[in-house]
Amino acid sequence: MEPTGVNYQLLWGTQLARAGVEVRLVGHKELRSFRQHHLGLPDKDDDADALALAIYGWDFLEVPWRFVQVRSQTIVEIRRLVLRLSHLNRVQSPIINRARQDLAWQFPEVALVRSVGLGEKVPLLWGWLCGERQSVKYDLMLEQSIGLGIDEGVRLHAARICDIQREEMAVEFQLSLLVSEPQFLPYRKVFARFGFGRRVEALLLSQIYPFENYLAADGKPDVKICNGRKSDKATKRHLSLRRFCKALGYAPSHSWQR
């Protein structure tokens, strides 16, 4: 099947695996090219896609590199949690922006304060606004504020932000357990040299692990030598490096001018 999304793939992939059926994933670009140029089937039609997938599997079942890399269960879970954090970040951003806009006239002295969580505690500002945390500092600031007073809408927004950030903390704790597994230690040593945080570490692991997938069968970088397009000189093509860059979204692209 096509890797059409985490939820769809998770449901059918899990059920098929439980039934003892091997699952192979076909890349979108590869299937589109196969459907159009090899089979001459119509563009993006469900029946045509199903037929193309069946024939693709029949033709290339014994050629593993024709299929998308199958990730380990730990990596699948890390990827799911990374996507969950991304979703939570998208959800809370407009709520925070709306709350700050309201605070600009209700309590302007704190409208631009960057408040972050500490350990298992929600951020002080948002926790104070919704009544979950106490702060003498903000109490005094509110008494002397030139604002028009805090209404119930801002307090409800603050409560939503705290709920989302508590969920983020729980997800990050799960991530910390997964990325601490021993097979990831060599990767994390490299990440530490760049000062990457936990979220970035998890994101990179979900994309590049295991590193051996980018190497040739002998465990060395896959490098091919061929003649250049514009000359007969031998040119090296660093295929391992290209595959690795592509996994990180740094694939080369071409542009043409007419």
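Residues numbered from 1 in each chain as written. Predicted model: local features only at pLDDT ≥ 70, side-chain atom pairs only at ≥ 80, totals over all residues. Heavy atoms only, no water.

Colleague: Honestly, the overall build of the chain in this entry has me stumped. Any pointers?
Modeller: Of the regular secondary structure elements, the chain holds 10 helices and 2 strands. Each helix and strand of the chain, placed in order from N terminus to C terminus, yields the pattern α-α-α-α-α-α-α-α-α-β-β-α. For 258 residues, the compact-globule estimate of 2.2 N^0.38 gives 18 Å, and the C-alpha radius of gyration of the chain, at 25 Å, exceeds that figure by more than 25%. Along the first, second and third principal axes, the C-alpha atoms of the chain reach 75 × 50 × 45 Å. Looking at the chain as a whole, 29% of its 258 residues are labelled buried. (Helix = DSSP H or I, 4+ residues; strand = E, 2+ residues; numbered from the N terminus. Rg over C-alpha atoms; globule rule 2.2 N^0.38 Å. Buried < 20%, exposed > 50% of the residue type's maximum accessible area, 1.4 Å probe, protein only.)

Colleague: Can you help me understand the side chain of S206 in this one?
Modeller: When you line up the elements, S206 lands in helix α9 (residues 198-208). A distance of 2.6 Å separates a polar side-chain atom of S206 from the backbone oxygen of L203. (Polar contact = N/O pair within 3.5 Å; in protein donor to acceptor, adjacent residues only side chain to side chain.)

Colleague: Help me understand the pattern of salt bridges in this model?
Modeller: Should the charged atoms of two oppositely charged side chains come close, the side chains can pair. All chains considered together, the criterion is met by 11 salt bridges. Between E168 and R199 there is a salt bridge whose closest N-O contact spans 3.4 Å. In this pair, E168 sits in helix α7 (residues 152-179) while R199 sits in helix α9, placing the two residues 31 residues apart along the sequence. Classification of E168 by relative accessible area gives buried; the value is 7%. When its relative accessible area of 33% is taken as the criterion, R199 is described as partly exposed. The closest approach of N and O atoms between R188 and E201, which form a salt bridge, is 3.3 Å. Separated by 13 residues along the polypeptide, R188 in helix α8 (residues 185-194) and E201 in helix α9 bring together distant segments of the chain. The exposure class assigned to E201 is buried, which follows from its relative accessible area of 6%. (Salt bridge = Lys/Arg side-chain N within 4 Å of Asp/Glu carboxyl O.)

Colleague: What is the right way to look at the layout of surface pockets in this model?
Modeller: Leftover empty space is mapped by rolling, across the atoms, a probe with the size of a water molecule. In this structure, the second largest pocket occupies an estimated 330 Å³ of space. S115, V116, G117, Q165 and E168 are, among the 15 residues lining the second largest pocket, the residues nearest its centre. Those elements that provide at least two residues to the lining of the second largest pocket are α4 (73-106) and α7. It is α7 that contributes the most residues to the lining of the second largest pocket, 4 residues altogether. For the lining of the second largest pocket, the per-class residue count stands at 5 nonpolar, 5 polar and 5 charged. (1 Å grid on protein atoms, 1.4 Å probe; cavity = no way out; pocket = protein on both sides within 12 Å on 5 of 7 lines; lining within 4 Å. Points joined across faces, edges and corners; volume = space filled by probe spheres on them. Nonpolar A, V, L, I, M, F, W, Y, C, P; charged D, E, K, R; others polar.)

Colleague: Help me understand the packing of α4 against α9 in this model?
Modeller: When two helices pack together, their arrangement is given by the angle between their axes and by how far apart the axes lie. Relative to each other, α4 and α9 sit at 130°, their axes nearing to 9 Å. One finds that α4 runs oblique with respect to α9. Both α4 and α9 take part in a crossing whose hand is left-handed. On α9, the residues that touch I75, I78, R79, V82 and L85 of α4 are R199, A202, L203, L205, S206 and Q207. Of the residues in the contact of α4 with α9, the class split is 7 nonpolar, 2 polar and 2 charged. (Axes fitted to C-alpha atoms, helices over the stretch in contact; angles between N-to-C directions. Parallel < 35°, antiparallel > 145°, perpendicular 65-115°, else oblique. Left-handed = near helix turned anticlockwise from the far one by under 90°. Contact = heavy atoms within 4.5 Å.)

Colleague: It is not clear to me how the packing of helix α2 (residues 28-38) against helix α3 (residues 46-60) should be interpreted in this structure. Could you clarify?
Modeller: As a packed pair, α2 and α3 sit with axes 10 Å apart at the nearest point and diverge in direction by 95°. In terms of orientation, α2 and α3 fall into the roughly perpendicular class. Residues E30, L31, F34, R35 and H38 of α2 form the contact with α3, whose participating residues are A48, D49, A52, L53, I55, Y56, D59 and F60. In the contact of α2 with α3, the residues fall into 8 nonpolar, 1 polar and 4 charged.

Colleague: Sorry if this is basic, but what is going on with the nonpolar core here?
Modeller: Within soluble globular proteins, side chains that are nonpolar tend to cluster in buried spots. Within the largest apolar cluster, 20 residues are counted, with the highest numbers of intra-cluster contacts made by L103, W126, W128 and L129. For this core, the secondary-structure elements that each account for two or more residues are α4, α5 (124-129) and α7. Sequence-distant contacts of W126, that is, excluding residues within four places in its chain, are made with I96, A99, R100, L103, S115, A158, I161 and C162. Counting 19 residues, the second largest nonpolar core, distinct from the first, contains L175, L178, F184 and L205. (Core = buried A, V, L, I, M, F, W, Y, C linked by side-chain atoms within 4.5 Å.)

Colleague: Please explain α7 as it appears in this structure.
Modeller: Given 3.6 residues per helical turn, the α-helix brings residues three or four places apart onto the same face. In this model, α7 (28 residues) spans 41 Å end to end at C-alpha, consistent with the 40 Å of a helix rising 1.5 Å per residue. Regarding α7, its N-cap is D151, as a side-chain oxygen of that residue lies 3.1 Å from the backbone nitrogen of G153 further along. (Expected span 1.5 Å × (residues − 1).)

Colleague: Mind showing me how you'd approach the packing of aromatic side chains here?
Modeller: Inspection of the entire model under this criterion finds 10 aromatic pairs. Their ring planes at 55° and their centres at 6.0 Å tell us that F191 and F196 sit as a pair that is tilted. Take F191: its relative accessible area is 6%, and that puts it in the buried class. What links up through ring pairs into an aromatic cluster is the set F34, Y56 and F60. (Phe/Tyr/Trp six-rings, centres within 6.5 Å; stacked < 30°, edge-to-face > 60°.)

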